[in-house]
Amino acid sequence: MEPQKRVKQMLNARVILPCAAAFIALVLIVLICIFASNANRMQNEYALARDSIGEDLYTSLYMFARSYDGVTLAGADVEGSILPSMRNYYLAATTLDDAIVNAYGQRYQLLDANMRASVTAAFEAFDDAFAQGRSTSDAVSSMSACVQNIEQLLSTRYDANTRLMPA
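Conventions and cut-offs
Residues numbered from 1 in each chain as written. Predicted model: local features only at pLDDT ≥ 70, side-chain atom pairs only at ≥ 80, totals over all residues. Heavy atoms only, no water. Phe/Tyr/Trp six-rings, centres within 6.5 Å; stacked < 30°, edge-to-face > 60°. Helix = DSSP H or I, 4+ residues; strand = E, 2+ residues; numbered from the N terminus. Buried < 20%, exposed > 50% of the residue type's maximum accessible area, 1.4 Å probe, protein only. Salt bridge = Lys/Arg side-chain N within 4 Å of Asp/Glu carboxyl O.

*Asks:* Please explain the packing of aromatic side chains as it appears in this structure.
*Replies:* What describes a pair of aromatic rings is the distance from one ring centre to the other and the angle between the planes of the rings. The tally for this structure, following the rule as stated, stands at 8 aromatic pairs. Ring centres 6.3 Å apart and planes at 75° place the aromatic pair Phe 64 and Phe 123 in the edge-to-face group. Taken together, the residues span a long stretch of sequence, with Phe 64 in helix H2 (residues 13-68) and Phe 123 in helix H4 (residues 113-132) at a distance of 59 residues. Taken individually, Phe 64 and Phe 123 each receive the classification buried, so the pair is uniform in this respect. Here the aromatic cluster, defined as three or more aromatic residues joined through ring pairs, consists of Tyr 46, Tyr 104 and Tyr 108.

*Asks:* How should unusual backbone geometry be read in this particular structure?
*Replies:* Despite not being glycine, Thr 162 shows a phi value in the positive range, around 50°. Within the secondary structure, Thr 162 sits in the segment after helix H5 (137-157).

*Asks:* When you look at the pattern of salt bridges in this model, what are you seeing that I'm missing?
*Replies:* Any two side chains of opposite charge can pair, on the condition that their charged atoms come close. For the structure on display, the rule yields 8 salt bridges. Ionic pairing is found between Asp 51 and Arg 50, a salt bridge with its closest N-O pair at 3.9 Å. Overall, the relative accessible area of 19% leaves Arg 50 in the buried class. It is possible to trace a salt-bridge network through shared partners that takes in Arg 66, Asp 69 and Glu 151.

Written out as structure tokens, the structure is:
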């Protein structure tokens, strides 16, 4: 009979409760570590996606500005080549800008309403000048100011690794 008493003494509440509490604490610690790891991984993926969209936005705006560089060259095909190319880059940039704002908030917006209105007005100035056979000098100065503002945005809102910084 003595061996049965010894087993019963080892399995009493004083032994079982601390062991169960330690086991539950261990399980909770492991779960917290797993959830923290997953949250950290998701946050890193979120940042990588934001940086990727921001880099594409940078490229579109950079190419928009570089496409404009040849507008004052003699014999440049402004109406047939330069402006359509600029429109394509600008459309891509506004689409990416809208996407980044929808996904990450207003702090990441690069092209505000004033900038968009200025660029649209500059494109319209070119269209009007071509349609009426007038000089494009006003349109050129208007678009030059827009390109300058975009270049300034690119230099102030992006870091050295072309990551878009919040405003």
